[in-house]
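Take a look at the letters that make up each chain.
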Amino acid sequence: MPSDRATEAKPFERILYVAFDHLSRDHGVLKTANPATDLIVLVESARMTTGRNWHAERLFFLISSARHFAERLETEGFRVRYVKAPTTMDGLRQTQAEVGNLPIWAAEPSSFRQFAQLKEAGVNFIANDFFLTSRGDFALWAGSQKSFVMENFYRAQRIRLGIMVTAGQPDGGRWNYDSENRLPPPKNYSWPDYLEHDRDAIDVEVATELAMVPTKTWATTREGALRQLDNFIEHHLNGFGPYEDAVPADNWALHHSLLSPYLNNGLLHPSQVIQTVLTAYRERDLAIESVEAFVRQVIGWREYINGMYWFLGEDYRENNQLNANRKLLPVFQDSSQTKMNCVRSTVADIEERAWAHHIPRLMILSNLALVTGTNPQDFLNWMRERFIDASEWVMVPNVIGMGVHADGGRLMTKPYAAGGAYLSRMTQYCKGCHYDPKLRVGETACPFTTLYWDFLDRHKDDFAKNHRMAQQVHGLKRLSDLPELRLRALEVLSGLDQGLV
Ligand code: SF4
């Protein structure tokens, strides 16, 4: 573990605090660092490591990345302290007690809570530049909109950043290639091998402290993150788009980049990722629908979600406008607590490596929480704890707004509720399942199909004035078996509560 090597340098003038999601030499507070007079401090707080039921793979990734980063700064000649303390503030105060009551500087934190804590402690901030859009610029955009349509933000981003546009018009003549990019899982398709990351002494030290054995899925250094980026460009970018929404049974990553953990902890910056992708696009004959789909994720969705987190405010996280108060289902804690093949397989994937792509997150896990009426905050906390890339700013809008529609439609105008028909088209799980996606009543009815209709029935008054839901709610009138379906839904909900369905 790095230690202070202050001996031959000048006295410290500032403490630079680097959070575990700001691991960048070129962005955040370190771009202002002076090796001669600054002391760099990273704090591994007990609140962070033991405060919640964090996935061990996630803790391993965050801690090992931070320790590698601290070591790298020392190698570059910086004086670094890696402090273990009960809380971040304890670690910073402890440092001040040892080196003097020096001013503390940090990049603006990535969550409301840490921002408030550091502000109260008198920390000085420099603007958070870990995104392509400042919080102020996003607020200007959002404040001028009637509704917060991501597609509109994304097109404005393309023009503002000059990405794949000429004279204000999109390359290829279209902004959106979704119609090419929503294919179901392919049959007889050879997915490239997964990239593995070897473990070094720091990794072993962290894994031993956590009493766990990490997978080789996640890199813990910038070099490893860059290898992941190169691997994506080389083997996956060209095929990314068409299958980005597919959920095959024989591959967990498809052509997804697996870069979100590094973008979210600072090891990679979105500008570098996008420039590398655009260079490959210019130099090779890459499919525009794939490049556009990836660019959309990075300059569109990622920036939009971060912007909305700050724009919607701290209280947004507490929304529960559908009055959903069911306790978290046991299957979320243990994949064996269900016979639903899609849910069991997705939770098992997450148990193994703390990751699943956006469709299992949205259309399997969040859909399950939505149609069962699971408490949004319980589900949000579970998502925060279980995913490798689950920063607060990512998960709050994604879960509260998009996943379980707990915000009354502020972010998304309609809930992402789906029955077995969608899942049997986009996943390969239904064939091996105990349940039948086509049935909505009876012992073998797909719980998603039953609960989809039951959800619409329970909330038909809530959605009465939502014209985007009118067709779905109207569909209830065609159900001749609605009384039977309501009874089956009660059985399914009770069975899920007991881990038996
Ligand atoms: Fe999931 Fe229903 Fe398909 Fe089973 S039948 S895998 S529960 S969607």
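Scope of this entry: the structure provided in the associated data block.

About the criteria used
Once a new chain begins, its residue numbering starts again from 1 and follows that chain's sequence as written. With pLDDT at 70 or above as the cut-off, local features in this predicted model cover only qualifying residues; side-chain atom pairs require 80 or more to be listed or tallied, and sums for whole chains, interfaces and linings still use all residues. Processing note: side-chain calculations cover all non-hydrogen atoms of the structure and skip hydrogens and water entirely. A helix here means a DSSP run of H or I that spans at least four residues, while a strand means a run of E at least two residues long, and both kinds are numbered starting from the N terminus. Given a helix with a known number of residues, its expected span is that number minus one, times 1.5 Å. Buried residues are those whose accessible area, probed at 1.4 Å on protein chains only, stays under 20% of the maximum for their type, while exposed residues exceed 50% and partly exposed ones sit between those limits. Salt-bridge detection follows one rule: a side-chain nitrogen of Lys or Arg within 4 Å of a carboxyl oxygen of Asp or Glu. For this description, a residue counts as near a given molecule or strand if any of its non-hydrogen atoms is within 4 Å of it. Note that Gly is not counted as nonpolar here; it falls among the polar residues with everything else outside the nonpolar set of Ala, Val, Leu, Ile, Met, Phe, Trp, Tyr, Cys and Pro and the charged set of Asp, Glu, Lys and Arg. Should DSSP find at least two bridges between two strands, the strands are regarded as paired. We call two residues in contact when some of their heavy atoms are within 4.5 Å. Ring geometry is summarised as follows: Phe, Tyr and Trp rings, the Trp one being its six-membered ring, pair when their centres sit within 6.5 Å, and such pairs are stacked at plane angles under 30 degrees, edge-to-face over 60 and tilted between the two. Axis lines are fitted through C-alpha atoms, for helices just across the contact stretch, and the angle between N-to-C directions can take any value from 0 to 180 degrees. We define a polar contact as two N or O atoms separated by no more than 3.5 Å, with the added condition that, inside protein, one atom must be a possible hydrogen donor and the other a possible acceptor, whereas residues neighbouring each other in sequence contribute only through side-chain atom pairs.

A few points about helix α18 (residues 447–458)
For step 1, the next point in the chain: In this model α18 runs 16 Å from its N-terminal to its C-terminal C-alpha over 12 residues, within 8% of the 16 Å that 1.5 Å per residue would give.
For step 2, the next point in the chain: In terms of residue burial, α18 counts as a mostly covered element, since 11 of its 12 residues are buried.

Things to note about the pattern of salt bridges
For step 1, the next point in the chain: Throughout the structure, instances matching the rule amount to 33 salt bridges.
For step 2, the next point in the chain: With a shortest N-O distance of 2.8 Å, R174 and E180 are connected by a salt bridge.
For step 3, the next point in the chain: For E180, a relative accessible area of 29% puts it in the partly exposed group.
For step 4, the next point in the chain: For R458, the salt bridge goes to D454, with nearest N and O atoms at 2.8 Å. Here D454 and R458 lie together in helix α18, a separation of four residues that amounts to about one turn.
For step 5, the next point in the chain: We classify R458 as partly exposed; its relative accessible area is 37%.
For step 6, the next point in the chain: D454 gets classed as buried once you look at its relative accessible area, which sits at 7%.
For step 7, the next point in the chain: Taken together, the salt bridges that share partners define one network made up of E44, R67, K84, E205 and E209.

Details of the site of the ligand
For step 1, the next point in the chain: Surveying the vicinity of the ligand reveals the residues M340, C342, L423, Y429, C430, C433, Y435, P437 and C446.
For step 2, the next point in the chain: Among the residues making up the shell around the ligand, the classes are represented as nine nonpolar, no polar and no charged.

Side note on the pairing of strand β1 (residues 14–17)
For step 1, the next point in the chain: A two-sided burial pattern is seen for β1, the buried positions comprising R14 and L16 on one face and I15 and Y17 on the other.
For step 2, the next point in the chain: Bridge count for β1 against strand β2 (residues 38–45) is four bridges, and the pairing is parallel. Each residue of the ladder has a partner; that of R14, found in β2, is D38.

Thoughts on the environment of F61
For step 1, the next point in the chain: For F61, the position within the fold is in helix α2 (residues 56–75).
For step 2, the next point in the chain: Given the relative accessible area of 1%, F61 is considered buried.
For step 3, the next point in the chain: F61 sits 160 residues away from T221 along the chain, and the two C-alpha atoms are 9.6 Å apart.
For step 4, the next point in the chain: Ignoring sequence-local partners within four residues, the contact set of F61 consists of W218, A219, T220, P261, Y262, N265 and I388.

Some words on the packing of aromatic side chains
For step 1, the next point in the chain: Here the structure, examined in full by the defined rule, presents 30 aromatic pairs.
For step 2, the next point in the chain: On the numbers, 5.1 Å between centres and 65 degrees between planes, the contact of F138 with F153 is edge-to-face. Of this pair, F138 sits in helix α5 (residues 135–143) while F153 is found in helix α6 (residues 150–161), placing the two residues 15 residues apart along the sequence. Here F138 matches F153 in class, with each residue buried.
For step 3, the next point in the chain: When the ring of F138 is compared with that of Y304, the centres are 6.2 Å apart and the planes differ by 70 degrees; the resulting orientation is edge-to-face. Here F138 is found in helix α5, whereas its partner Y304 is found in helix α12 (residues 288–312), with 166 residues between them in sequence. As far as the burial class goes, F138 and Y304 line up, both buried.
For step 4, the next point in the chain: Connected via pairs of aromatic rings, a cluster forms that spans F112, F115, F125, Y309 and W310.

Some thoughts on the sheet that holds strand β3 (residues 79–85)
For step 1, the next point in the chain: Pairing in this open sheet of five strands is parallel, and the strands run β3-β2-β1-β4-β5 from one edge to the other. Only two strands of the sheet have a single partner each, and these edge strands are β3 and β5 (124–126). The mean angle between the axes of side-by-side strands here comes to 30 degrees, regardless of whether they run parallel or antiparallel.
For step 2, the next point in the chain: Pairing analysis gives seven bridges linking β2 to β3, with the strands arranged parallel. Across the sheet, the residue bridging to V43 is V83, located in β3.

Comments concerning the environment of F20
For step 1, the next point in the chain: Note that F20 resides in the loop between β1 and β2.
For step 2, the next point in the chain: C-alpha of F20 to C-alpha of S64: the two residues are 44 residues apart in sequence and 9.9 Å apart in space.

Some words on the side chain of E392
For step 1, the next point in the chain: Its location among the elements puts E392 in helix α16 (residues 392–403).
For step 2, the next point in the chain: Using a relative accessible area of 14% as the deciding quantity, one classes E392 as buried.
For step 3, the next point in the chain: At 2.7 Å, the side chain of E392 forms a polar contact with the side chain of R317.
For step 4, the next point in the chain: With residues up to four places along the chain from it excluded, the contact list for E392 reads S111, Y309, R317, R384 and P397.

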